[in-house]
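Coordinate inspection notes
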Amino acid sequence: MQIVRDTVYIDPSDRGAVAAIGNFDGVHIGHQAVIGIARDAAKAANAPLGIMTFEPHPRSFFSNDPKPFRLMNAEAKANRLAKLGVEKLYEVPFNAALAGLSPRDFAQTIIADQLGLKHVIVGADFCFGKGRAGTVDDMQTFGTEMGFGVTIAEIVTNNSGAVSSTAIRAALTDGRPRDAAAMLGHWHRIEGEVIRGDQRGRDLGYPTANMSIAGLHPPKFGVYAVKVDVLDGPHQGTYDGAASIGVRPMFGENLPNCETFIFDFKGDLYGATLSVALVEHLRPELKFDGVDKLITQMDADCTRAREILQDV
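Let us look at the structure shown here. (Residues numbered from 1 in each chain as written. Predicted model: local features only at pLDDT ≥ 70, side-chain atom pairs only at ≥ 80, totals over all residues. Heavy atoms only, no water.)

Quick notes on the packing of aromatic side chains
The way to describe two aromatic rings as a pair is by their centre distance and the angle between their planes. Heads up, the rule is: Only Phe, Tyr and Trp rings take part, Trp by its six-membered ring, and two of them pair if their centres are within 6.5 Å. Stacked means planes under 30 degrees apart, edge-to-face means over 60, and tilted covers everything else. Secondary structure elements are defined from DSSP: runs of H or I of at least 4 residues count as helices, runs of E of at least 2 residues count as strands, and each element is numbered from the N terminus. Partly exposed describes any residue whose relative accessible area lies between the buried limit of under 20% and the exposed limit of over 50%, with all areas from a 1.4 Å probe on protein chains only and scaled to the type maximum.
For the structure shown, the criterion picks out 11 aromatic pairs. With centroids separated by 6.1 Å and ring planes inclined at 90°, the aromatic side chains of Phe 54 and Phe 94 adopt a geometry described as edge-to-face. Here the residue Phe 54 occupies a position in strand E3 (residues 49-55), and Phe 94 occupies one in the loop between strand E4 (88-93) and helix H4 (96-99), the gap between them amounting to 40 residues. For the pair formed by Phe 54 and Phe 94, the shared burial category is buried. Aromatic side chains Phe 54 and Phe 106 sit 6.4 Å apart centroid to centroid with 45° between the ring planes, which places their arrangement in the tilted category. Within this pair, whereas Phe 54 is found in strand E3, its partner Phe 106 is found in helix H5 (residues 103-114), the two being separated by 52 residues in sequence. Phe 106 matches Phe 54 in its accessibility class, with the two residues each being buried. Put simply, the rings of Phe 54, Phe 61, Phe 62, Phe 94, Phe 106, Phe 126, Phe 128 and Phe 142 pair up and form one aromatic cluster.

Considerations on the nonpolar core
For clarity, the threshold we go by: Only buried residues count toward a nonpolar core, which is a set of Ala, Val, Leu, Ile, Met, Phe, Trp, Tyr and Cys residues joined through side-chain atoms within 4.5 Å. Whether two residues are in contact is decided by their heavy atoms, any of which lying within 4.5 Å being enough.
The biggest cluster of nonpolar side chains holds 30 residues, and the ones touching the most others in it are Met 52, Phe 106, Ile 111, Leu 117 and Phe 148. Elements supplying a minimum of two residues to this core: strand E2 (18-21), E3, E4, H4, H5, strand E5 (119-123) and helix H6 (136-146). The element contributing the most residues to this core is H5, with five residues. Sequence-distant contacts of Ile 111, that is, excluding residues within four places in its chain, are made with Ile 21, Met 52, Phe 106, Gly 116, Leu 117, Val 120, Met 139 and Phe 148.

A word on the sheet that holds E3
Note the following rule: Two strands are said to pair when DSSP picks up at least two bridges between them. What counts as an axis is a line fitted to C-alpha atoms, over the stretch in contact for a helix, and the angles between N-to-C directions run from 0 to 180 degrees.
Ordered by their spatial adjacency, six strands build an open sheet running E1-E4-E3-E2-E5-E6, and the pairing between neighbours is parallel. On the outer flanks of this sheet lie strand E1 (2-4) and strand E6 (149-153), each paired with one strand and no other. Between one strand axis and the next, the sheet turns by 25° as a mean value, whatever way the strands run. As paired strands, E1 and E4 are joined by three bridges and run parallel to one another. Residue pairing across strands places Ile 3 opposite Leu 89, the latter belonging to E4. Running over the sheet, helix H1 (residues 29-45) touches E2, E3, E5 and E6 and is turned about 165° from E2. On top of the sheet, H5 reaches E2, E3, E4 and E5; it is set at about 120° to E3, its chief contact.

Topic: the packing of H5 against H6
For clarity, the cut-off: Comment on the angle field: the value is read as roughly parallel under 35 degrees, roughly antiparallel over 145, roughly perpendicular from 65 to 115, and oblique elsewhere. By convention the crossing between two helices is left-handed if the near helix lies anticlockwise of the far one by an angle smaller than a right angle, and right-handed if it lies clockwise. Here the term charged refers only to Asp, Glu, Lys and Arg, the term nonpolar to Ala, Val, Leu, Ile, Met, Phe, Trp, Tyr, Cys and Pro, and the term polar to all other amino acids, Gly among them.
As a packed pair, H5 and H6 sit with axes 10 Å apart at the nearest point and diverge in direction by 50°. Considered as vectors, H5 and H6 are oriented oblique to each other. The handedness of the crossing between H5 and H6 is right-handed. Between H5 and H6, the contacting residues are Pro 103, Arg 104, Ala 107, Gln 108, Ile 111 and Ala 112 on the first element and Met 139, Phe 142, Glu 145 and Met 146 on the second. Per-class residue counts for the contact of H5 with H6 are seven nonpolar, one polar and two charged.

Things to note about the pairing of strand E13 (residues 257-262)
Of all six residues in E13, five are buried; the element is thus mostly enclosed. Strand direction decides the pairing type here: strand E10 (residues 209-212) and E13, joined by four bridges, are antiparallel. Bridge pairing in E13 places Asn 210 opposite Glu 259. Bridging between strand E12 (residues 237-246) and E13 involves six bridges; their strand directions are antiparallel. Looking at E13, one finds that Ala 243 is bridged to Thr 260.

What to know about the sheet that holds E13
Read across the sheet, six strands follow the order E9-E14-E11-E12-E13-E10 without closing on themselves; strand pairing throughout is antiparallel. Each edge of the open sheet is held by one strand with a lone partner, namely strand E9 (188-193) and E10. Each adjacent strand pair in this sheet contributes to an overall mean axis angle of 35°, direction not counted. Packed on one face of the sheet, helix H8 (residues 177-184) meets E9, strand E11 (222-230) and strand E14 (273-284) and runs near 135° to E14.

What about unusual backbone geometry?
Of the consecutive residues Glu 55 and Pro 56, the connecting peptide bond is found in the cis state with omega at -5°. We note that Asn 46 has phi near 55°; this positive angle belongs to a residue other than glycine. As for its position among the elements, Asn 46 is in the loop between H1 and E3. Even without being glycine, Asp 264 reaches a positive phi, approximately 55°. With respect to the helices and strands, Asp 264 occurs in the loop between E13 and E14.

Structure (structure tokens):
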């Protein structure tokens, strides 16, 4: 998959795709339905399958609320889209100039002039342009005028209602990763580079791979049964493990992170990129009366996680 970040001075070979447009945070089953429609349209047009998204997320640009909300960072989103067969990922820079474009100017400048898209696919609730004033009806009108096709995808629902990134965040906040996975169509994953921590886990007999969750919506703090993909380096592969997500209350005040103990693993993962899939929330984050009680609980957590992951 090719990632195109400069949409102003775009190579002519990167123009002319059929693209689904949206933020695609989480790449959930609703997003996948839109991408499926785009895939069929791209095949019919003999054109590359594209995704047009925005970095940073527009919500980050407009909101003064520092609370992190993203389900995945840009790299994790790109990895997921690549698995779905996307050939061109247009990461349109979201800035004041873009935010100030009227709906018509957005369609003309970005879709028609810069990217030269043949056909666009948007969800039925898609809005665009300054003040989110543009509707899907407007997009169809502009497409007819400007020479690109437009398909409107219906909203995907399940037993709980419309599938959305908001509903997935709620499930993760409640410690319900399986409910989140049902809406995502895949396990919710935390992806990132393994960084050096305080190495307390090693001293406790549980060496962990530490990852930052800065900028991501934090799931319910606590211990999880997890599947771990090591994405690069000499230890590439899939493993089982247990992860602790939170602020480590036994050891003072700390920034939230994800610490993963990989079962039956020996090796150095510093600098490697991990993708940690949350399978089941085992217990909340706790402060124990001493290290011995913590180790006893960690033993029990890992035993339970192994049992759960046998069936995953």
